[in-house]
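Close look at the chain arrangement
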Amino acid sequence: MSKDVTSILIVGVGGQGTLLASKLLGEVVCDQGYDVKVSEVHGMSQRGGSVVTYVKYGEKVYSPLIDAGEADVMVAFELLEAVRYLPFLKKGGTIVVNDQKIDPMPVIIGSAQYPQNLLEELTAAGVKLLAMDGLAVAAEAGNAKAVNVVLMGALAKQLPYPKEVWEKALTKVVPPKFLEMNKRAFVLGYEHP
Amino acid sequence: MSELLLGNQAVARGLYEAGVRVVSSYPGTPSTEITEYAVGYKELYSEWAPNEKVALETSIGASLGGARAFSAMKHVGLNVAADPLYTVSYTGVNGGLVIAVADDPGMHSSQNEQDSRNHAKASKVPMLEPADSQECLEYTKLAYALSEEFDTPVLLRLTTRVSHSRSLCNVQERQEKELIPYKKDPQKYVMMPAMARPRHVVVEERTRRLTEYAETSPLNRVEYHSKKIGVITSGISYQYAREALGENASYLKLGMVYPLPVRLIEEFAAQVDTLYVVEELDDFIETHCKKYGIPVIGKELFSFCGELSQSIIREKLLNQKNDFAQLDVPVPGRPPVMCAGCPHRGIFYALKKNKAFVSGDIGCYTLGAGAPLAAIDSCVCMGASIPGAHGYSKAVGKENGKAAVAVIGDSTFMHSGVTGLINVAYNGGNTVTIILDNSITGMTGHQQNPTTGLTLSGDPTSKVDLEALAKAVGIGRVRVVDPYYMSECVEAIKEEMAAEEPSVIISRRPCALLKNVVHKPALSINREACTGCKACFQIGCPAISLYDKKASIDANQCVGCGQCVSLCRFGAIKGEE
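Residues numbered from 1 in each chain as written. Chains lettered and ligands numbered in written order. Predicted model: local features only at pLDDT ≥ 70, side-chain atom pairs only at ≥ 80, totals over all residues. Heavy atoms only, no water.

**Quick word on the packing of helix 5 (residues 134-141) of chain A against helix 8 (residues 176-191) of chain A**
All names here are of chain A. Note the threshold: For every element, the axis is a line fit to its C-alpha atoms; helices are fit only across the contacting stretch, and the angle between N-to-C directions ranges from 0 to 180 degrees. A run of H or I in DSSP becomes a helix once it reaches four residues, and a run of E becomes a strand once it reaches two; helices and strands are each numbered from the N terminus. An angle counts as roughly parallel when it lies under 35 degrees, as roughly antiparallel when it exceeds 145, as roughly perpendicular when it falls between 65 and 115, and as oblique in every other case. For a crossing to be left-handed, the near helix must be turned anticlockwise from the far one by less than a right angle; the clockwise case is right-handed. Note on contacts: a residue pair qualifies if any of its non-hydrogen atoms lie within 4.5 Å across the two residues.
Taken N-terminus to C-terminus, the directions of helix 5 and helix 8 make an angle of 135°; their axes are 8 Å apart at the nearest point. Taken as axis vectors, helix 5 and helix 8 run oblique relative to one another. The two elements helix 5 and helix 8 cross, and the hand of that crossing is right-handed. On the side of helix 5, the interface is formed by Val137, Glu140 and Ala141, while helix 8 contributes Met181, Arg184, Ala185, Leu188 and Gly189.

Take a look at the structure:
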């Protein structure tokens, strides 16, 4: 395992914007001169299913995949998805999590239950947990759909790259029409306590 | 300058740089974005064809005309295009011809996980396999050089993790290629038996020359580190092996996976203590090695199913396992579902009410097979729904079982559905065909098709009239319904199932995700009226869930389509007045 590679996992529910988030992070680390691999999710899994994208960067990156026990940081757009992908995290790794709950279809139709007290359970699992109500913050920025950029703001705070680099990357990946709103969402996520 | 490019985007860049002029493809995950990026280059003519066979045949014509030509498809699409592929192998090319085929190990978005390397071998067409975006670009350009040098079409094999990963890529300028003048040559281009027989000999000689090329080609590269372990690998499997084993192993990375070298592999084998073949899906390289008596370890360790990864290789070769934490709580699955406001939901609900045998097809609506709608009985391949329903009803008959109904999307109907419908009419079938016309190719992310009235470039064009087409092939009963009116759909399906002749129902309502579709305000639940009976959950809308023992509608997801309203006997679902 190459120790000079940083691995960041982005998980969520199809439609929440993990693809844009992974592109954004990819551009930021690319700007820092690293070798970068971003593995995206397209196609069927986008339709409300569980999605996971991988971002890896360092001196030289070979595999685009992150396997169990390999992620340094996980950004989870939904609480249950944080738990689903917990095994991908290194022991003692960091999770930035949106505490929003989205019922999967088996829960909606009553064939399964959404587990309780997941934040407490995650904390007890010995990870560094940064939880936030991303939906409320995104609404404050002007659009609930910007929850992905809010969470990337929260991630940015955990990484050693200046805010300006992120804003430059935002300009690259967000359509001009939504740029100002996304910049607000990013800053609110970044400054969230 | 380095740019972070998607693998598919890098292939498109390679087409541009190689001076390609004509691109014809059919969308299919994970290959779709190649053509979507290609259309961004105005120097190329790019189109969506109705299916992969038509796409490849168009590219063959362009190649004959002397242009560099290209088609992209997914692995199952290559089956559709296999007919022209196996013969264009005989004719060879005029302008360079490259076909990208994107395999999907792990079946992220496919109905099987076939290994397209077998098509390369069977059709005797050389195949290159890039391992990252930079190689996607370089191999695409090299494929054109090989195509013209060896007078052969060239297959470019991608897999999901190469197509859908971004990595750094150096881009260059386009090299314009003049048209190569066309010379009439029926001995080469008209493949009837007398002319095809000598061409087969030419193909065998070409394969011999390509095998010689493979021995020394820069595409096949040896990296010596520790010689205790040797690994023969290609494509994404190289990346997994390289990360798992680092400099504890030496590598023979094969950029050309058909034809395979013999001497190069023998030389490499002689240098290392233990030799492994690391490859996804079939034992393609392994079988080649064993044929020449080179002892290798392969599928004894690795599965024929699914994707590889660095941990699998680390575990099998080094016996090392990663350590990780896991919570002791049951985590419910989260399968993909039809979107909130999806018009197909109404039809599936109506089919369930009518208890039909539903022969399904490939597209978003395949998701109607999942609970709670569970409205699909079978799904095989593009276009199989209508013949499937026809065969079922010929075998079983209405008197002995449920009536057979086929469901097929507008794009899939254009791809290969219409021939099945012709068969129903021609052979006196008695099935109901429901064309789910959402006015777009939905599953792959909104590509235009011959029913939408727009081309790949977004230019207005002729639009297939589905009603007239159904009548023209011989279907007498053709009607159009709006799936948002569910009780009318239930009635329409009931009537057509009872009819003594075949029929077509066109369920017309655009995809709820299209940008030009205007939505109504979100619905809400009157909590006083709601009894918590969960009847509204039976439609499987992701916007409706249970909150504090009563139904609740997520205003962020709901598009106000109203399909759920009629399910509530208590009138608890209300819209904004």
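**Topic: helix 1 (residues 7-17) of chain B**
Residue and element names in this part refer to chain B. How we decide: A 1.4 Å probe rolled over the protein chains alone gives each residue an accessible area, and that area as a share of the maximum for its type sets the label: buried under 20%, exposed over 50%, partly exposed in between.
Of all 11 residues in helix 1, 11 are buried; the element is thus mostly enclosed. Residues Gly7, Asn8, Gln9, Ala10, Val11, Ala12, Arg13, Gly14, Leu15, Tyr16 and Glu17 constitute the buried set of helix 1. After helix 1 finishes, the residue Gly19 shows a positive phi value of roughly 80°.

**A short note on the sheet that holds strand 5 (residues 97-103) of chain B**
Residues and elements named next belong to chain B. The following threshold applies: Here, any two strands with at least 2 DSSP bridges between them count as paired.
If you walk across this open sheet you meet the 7 strands as 3-2-4-5-7-6-12, and the pairing is mixed. Whereas interior strands pair on both sides, the edge strands pair on one side only; in this sheet they are strand 3 (45-48) and strand 12 (256-258). Of the pairings in the sheet, the one linking strand 4 (residues 69-74) to strand 5 comprises 6 bridges and is parallel in character. Each residue of the ladder has a partner; that of Ala69, found in strand 5, is Leu97. Lying on the sheet, helix 1 is in contact with strand 2 (22-25), strand 4 and strand 7 (154-159); it crosses strand 7 at an angle near 155°. Sitting on the sheet, helix 3 (residues 52-64) is in contact with strand 2, strand 3, strand 4 and strand 5, with an inclination near 165° to strand 4.

**Let's talk about the pattern of salt bridges**
Residue and element names in this part refer to chain B. As a reminder, the rule being used: Here a salt bridge means any side-chain nitrogen of Lys or Arg lying within 4 Å of a carboxyl oxygen belonging to Asp or Glu.
Considering all chains together, one arrives at 39 salt bridges over all chains under this definition. Across the salt bridge formed by Arg221 and Glu135, the nearest N and O atoms sit 3.8 Å from each other. Here the residue Arg221 occupies a position in strand 9 (residues 220-223), and Glu135 occupies one in helix 7 (residues 133-150), the gap between them amounting to 86 residues. Among the ionic contacts, a cluster of salt bridges with common partners joins Asp103, Asp115, Arg117, Glu129, Arg157 and Glu279.

**Some remarks on the interface of chain A and chain B**
What counts, and what does not: Put simply, buried area is how much 1.4 Å-probe accessible surface two parts lose in total, over both of them, once they are put together. N or O atoms within 3.5 Å of each other form a polar contact, as long as, within protein, one can give a hydrogen and the other can take it, and as long as residues adjacent in sequence are counted only when both atoms are side-chain atoms. Amino acid classes used here: Ala, Val, Leu, Ile, Met, Phe, Trp, Tyr, Cys and Pro are nonpolar; Asp, Glu, Lys and Arg are charged; the rest, including Gly, are polar.
The partner chain B presents 57 residues to the 58 residues of chain A that form the contact. Interface area, chain A with chain B, both sides summed: about 5,000 Å², of which 60% is carbon and sulfur. Taken together, chain A and chain B are joined by 6 salt bridges. When the shortest N-O distance is used, the salt bridge between Asp323 of chain B and Lys91 of chain A registers 3.5 Å. Along the contact surface separating chain A from chain B lie 22 residue pairs in polar contact (both at pLDDT 80 or more). At the level of elements, helix 1 (18-31), strand 2 (35-39), strand 3 (50-58), helix 2 (79-84), strand 5 (89-98), helix 3 (105-108) and helix 4 (118-124) of chain A are the ones that each hand at least two residues to the side of chain A that touches chain B. Across the side of chain A that touches chain B, the residue classes break down as 32 nonpolar, 11 polar and 15 charged. Bridge count for strand 2 of chain A against strand 8 (residues 165-170) of chain B is 3 bridges, and the pairing is antiparallel. From the neighbouring strand, Lys37 of chain A faces strand 8 of chain B, where its bridge partner is Ser167 of chain B.

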